Amino acid sequence: MTIGPTSTKTEPATTPPRDDAAPAPAARPTTPRKPARAPLTNRLAVNIVIGVFVIYTLGPVLWLFFAAASDADALSAAEVFNLKDFALWDNISTLFTLEDGIYGRWYVNTIIYAGLGGIIAALISAACGYAFDKYHFQHKEKLFGLVLLAVMVPQTVLALPLYLIASQVGVVNTFWAVFIPLLFNPFGVYLGRIFSEGYVPDEVLDAARVDGTGELTMFFKVSLKMLAPGIMTIFLFQLTAIWNNFFLPMVMLTDQELFPVALGLYNWNSMATVSPEYTLVVIAGSLLGLLPLVLAFMLLQRFWKAGLTAGSVK
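Quick caveat, the model's predicted, so the values are computed rather than measured.

**Student:** Just give me the short version of the nonpolar core, but keep the residues and values in it.
**Tutor:** Counting 60 residues, the largest nonpolar core has Tyr-103 and Trp-268 as its most contacted members. If one sorts the elements of this core by residue count, helix α14 (residues 277–308) sits on top with 11 residues. The contact partners of Tyr-103, leaving out residues within four places of it in the chain, are Leu-95, Phe-96, Val-261, Leu-265, Trp-268, Gly-285, Leu-288 and Gly-289.

**Student:** So what's going on with helix α5 (residues 140–151)? Residues and values would help.
**Tutor:** Look at α5: 17 Å from first C-alpha to last across 12 residues, which is about the 16 Å you get at 1.5 Å a residue. Within the span of α5, buried status applies to Lys-140, Phe-144 and Val-147. Looking down the long axis of α5, one finds its buried residues gathered within 45° of arc, a one-sided arrangement. The outward face of α5, more than 90 degrees from its buried face, is lined by the exposed residues Lys-142 and Leu-146.

**Student:** Now, about the pattern of salt bridges: what can you tell me, with residues and values included?
**Tutor:** This model, assessed by the stated rule, comprises seven salt bridges. Across the pair Lys-134 and Asp-133 runs a salt bridge whose closest N-O atoms are separated by 3.1 Å. Here Lys-134 matches Asp-133 in class, with each residue buried. Arg-209 serves as the salt-bridge partner of Glu-215, at 3.0 Å between the closest nitrogen and oxygen. Judged by relative accessible area, Glu-215 falls into the partly exposed class, the value being 33%.

How each quantity is defined
- Residues numbered from 1 in each chain as written.
- Predicted model: local features only at pLDDT ≥ 70, side-chain atom pairs only at ≥ 80, totals over all residues.
- Heavy atoms only, no water.
- Core = buried A, V, L, I, M, F, W, Y, C linked by side-chain atoms within 4.5 Å.
- Buried < 20%, exposed > 50% of the residue type's maximum accessible area, 1.4 Å probe, protein only.
- Helix = DSSP H or I, 4+ residues; strand = E, 2+ residues; numbered from the N terminus.
- Contact = heavy atoms within 4.5 Å.
- Expected span 1.5 Å × (residues − 1).
- Arc of directions from axis to C-beta.
- Salt bridge = Lys/Arg side-chain N within 4 Å of Asp/Glu carboxyl O.

Given below as structure tokens:
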């Protein structure tokens with residue numbers, strides 16, 4: 001009897017699923033990680049740099065205020081920060097009564113030059129930039145290149161050619177000799193095109209044209225509202241430039257009744273070497289000359305910040 005090898009085949013054991021099997025644990029909600037804070041030394045260095053720039057910026061303004069509030073003795077003794085005798089109101093009163101109150105006339109002139117001129121210049125710049133952006137005409141980019149080239153030309157270089165043109169026209173020593181050249185700003189045209197690209201969609205203009213809206217009506221009733229932040233930004237830049245403009249009025253004007261504040265205070269400052277009483281008057285006038293610019297930036301800064309970000313996000 002021969003007994004051969006036998007092979008046994010083992011079937012894998014299968015475990016039937018249990019009805020009471022526990023469900024898989026749910027994923028835990030992940031909490032967002034807090035951004036890592038910069039090291040203390042880096043934050044301290046940044047704060048120091050910012051503090052230095054703040055002191056550098058506000059230091060002259062603070063000195064101007066304390067000097068305008070001092071009397072002649074404290075100013076000559078370099079003790080303007082003591083404020084032993086607060087003479088700010090006396091100095092301002094002298095400022096507006098000196099030479100028959102001509103400083104008030106200079107102040108009004110500057111407000112007209114800068115305020116009205118800044119508004120008109122901003123509208124002209126926005127309209128030109130809008131035309132360069134939305135319309136197609138011959139040699140458009142070449143003409144815009146000339147605008148960019150004009151941005152690099154200093155305004156002092158143009159003073160003499162403008163004087164010769166005004167002399168030929170016969171408007172030297174008039175209000176228009178200073179006012180008209182300030183209405184055209186190549187940098188404002190450049191900003192106007194950037195703002196038009198960022199704020200005025202082409203689809204809106206196409207829809208307005210389909211409705212039968214004319215081009216001028218579309219600009220004033222549709223595009224101008226969208227360009228409001230950009231126009232306000234251009235206005236602030238132009239307001240500052242015209243308010244601080246000095247060389248063009250000095251070339252164009254000889255009548256003191258037409259002087260802006262900057263030119264009038266320059267003449268008084270030149271007289272301070274002979275008559276020291278003009279020194280405090282010039283300082284007080286310089287302090288008052290800063291107020292409109294500070295107020296304009298404080299009241300319109302939200303439009304200015306919005307205008308600076310035009311076109312940054314597409």
